[in-house]
Amino acid sequence: MTGPGERGSLGLGDETMWRRFFLGLPAVLACIQLSGAACADSFYASPAAQDANFADVGIDGGGNAIFTWTSFTPQGIIVQLRSRSAAGTLGATKTLSKTGHDAQSAHVAVNGAGAAVAVWQIHHGDASAKTPVQGRARAADGTFGTIFNVDPHSGGSFSFDFANPNVAMDDVGNAVFSWFGLDSAQKRRAYARTREDDGTFGRAFQLSPPGVSEVTMAVNRS
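In this text, all values refer to a predicted model and were calculated from it rather than measured experimentally.

## Some details on the overall build of the protein
On a plain count of helices and strands, the protein comes out with zero helices and 14 strands. Secondary structure of the protein in N-to-C order comes out as β-β-β-β-β-β-β-β-β-β-β-β-β-β. A total of 222 residues make up the protein; the buried ones form 45% of that total. Residue pairs at least 24 apart in sequence account for 44% of intrachain contacts in the protein once pairs closer than 6 positions are excluded. Summed over its atoms, the accessible surface of the protein is roughly 10700 Å², and 52% of this surface lies on carbon and sulfur atoms.

## Let's talk about the sheet that holds strand E13 (residues 188–195)
Pairing between sheet strands relies on hydrogen bonds along the backbone, with the strands arranged either parallel or antiparallel. Pairing is antiparallel across the open sheet formed by four strands, whose spatial order is E11-E12-E13-E14. Across the chains shown, the open sheet's two edge strands, defined by having one partner strand only, are strand E11 (166–169) and strand E14 (205–206). Both E11 and strand E12 (residues 175–182) contribute to a ladder of four bridges, which runs antiparallel. Paired with Asn166 across the strands is Ser178, a residue of E12.

## With respect to the pairing of strand E7 (residues 102–110)
In terms of burial, E7 is a largely internal element, nine of the nine residues being buried. Here E7 runs beside strand E8 (residues 116–123); their pairing, made up of seven bridges, is antiparallel. From the neighbouring strand, His107 faces E8, where its bridge partner is Val119. Remark: five residues form the turn of the hairpin made by E7 and E8, two consecutive strands paired antiparallel; Gly114 in that turn has positive phi of roughly 100°.

## What about the environment of Val219?
Its place among the elements puts Val219 in the segment after E14. In this structure Val219 comes out as partly exposed when scored by relative accessible area, which is 30%. Val219 has contacts with Ala168, Met169, Asp170 and Val176, leaving out every residue within four places of it along the chain.

## A closer look at unusual backbone geometry
Phi at Phe54 is positive, roughly 55°, even though this residue is not glycine. Turning to its location among the elements, Phe54 is positioned in strand E3 (residues 52–59). You will see that Ser105, though not glycine, has its phi angle at about 55°, which is positive. Along the chain, the position of Ser105 falls in strand E7. The buried category is assigned to Ser105, whose relative accessible area is 5%.

## Section: the sheet that holds E8
The sheet built from four strands is open, its strands ordered E7-E8-E9-E10 with antiparallel pairing. Only two strands of the sheet have a single neighbouring strand rather than two, namely E7 and strand E10 (148–151). If you compare each strand with its neighbour and ignore which way they point, the axes differ by 30° on average. Direction of pairing for E8 relative to strand E9 (residues 133–138): antiparallel, over a ladder of six bridges. Across the sheet, the residue bridging to Ala116 is Arg138, located in E9.

## Topic: the packing of aromatic side chains
Under the criterion given, the structure shown has four aromatic pairs. On the numbers, 5.5 Å between centres and 65° between planes, the contact of Phe148 with Phe201 is edge-to-face. Of this pair, Phe148 sits in strand E10 while Phe201 is found in the loop between E13 and E14, placing the two residues 53 residues apart along the sequence. Looking at Phe148, the relative accessible area reads 9%, which means it is buried. A connected cluster of aromatic rings, assembled from ring pairs, spans Phe148, Phe177 and Phe201.

What counts, and at which threshold
Residues numbered from 1 in each chain as written. Predicted model: local features only at pLDDT ≥ 70, side-chain atom pairs only at ≥ 80, totals over all residues. Heavy atoms only, no water. Helix = DSSP H or I, 4+ residues; strand = E, 2+ residues; numbered from the N terminus. Buried < 20%, exposed > 50% of the residue type's maximum accessible area, 1.4 Å probe, protein only. Contact = heavy atoms within 4.5 Å. Areas by Shrake-Rupley, 256 points an atom, 1.4 Å probe, with all protein chains shown as cover. Pairing = 2+ DSSP bridges. Axes fitted to C-alpha atoms, helices over the stretch in contact; angles between N-to-C directions. Phe/Tyr/Trp six-rings, centres within 6.5 Å; stacked < 30°, edge-to-face > 60°.

This is the structure we're talking about:
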C-alpha cells in the first residue's frame, strides 16, 4: 500500500492488464489491494460499453483515489477522470480534454492533500502539426482549472509525436512534467518543466543526451 501522495498500482489478478497499451480495453477495472491481502471490492471506474486505455491512479493521504484513462468515443479519444472516496463512493465521470482530436498517454498525480494534475498528449483533429502536451489541474475541493499546454511549441526543435508525458506533484500542489521529444537534429531527448500551484510555469529544459525514451521521475513532498 502506498504512502500519502504516492502513485500506487492496483492489483488486477493479471498484471499485464494494468500495463499501458495502445489498444482499447472494455473498461477500467480496479480493485483495492490491502497490504499483504488479496484484492477486494472490485469495481469499474470507467463507463460501461466504452473502450478505455492508459489507466492510471493516484491516492491522497486520506485514502481517496483519483483515476484517469482515455475513452474511445465517436467524437475522438478523450481523457476522463473519476474520484473514489476512502469509503468507496464513486464520483461522477469528468471529461478533461476537448473533443475534435485524439488524446493519449494520460497520467495523473495526486498529492497528500487531494489536489491532482493530469497530463496527456493530443494529435490529429484541431491539434497543431506537432502534437502539444496538455494538462489540467483539479483542486482538493474537486474544482477543475482550464486546459493548459505544458509546452505549446508547434514545431522546430520539438516534436511530441511520441511524447509519453508524465507528471508528479509535491505537497503544496507544484507539479513537474516530463516527456521526450526530438531536438533540432531529430534525436530523442528527455525534457521537463515545472508548474507552480498558482499556474506559473518554469522554463522547459533539456534533461538528457540524445537517444532516449520512456522518461520516468520522482518528486518528494517538498
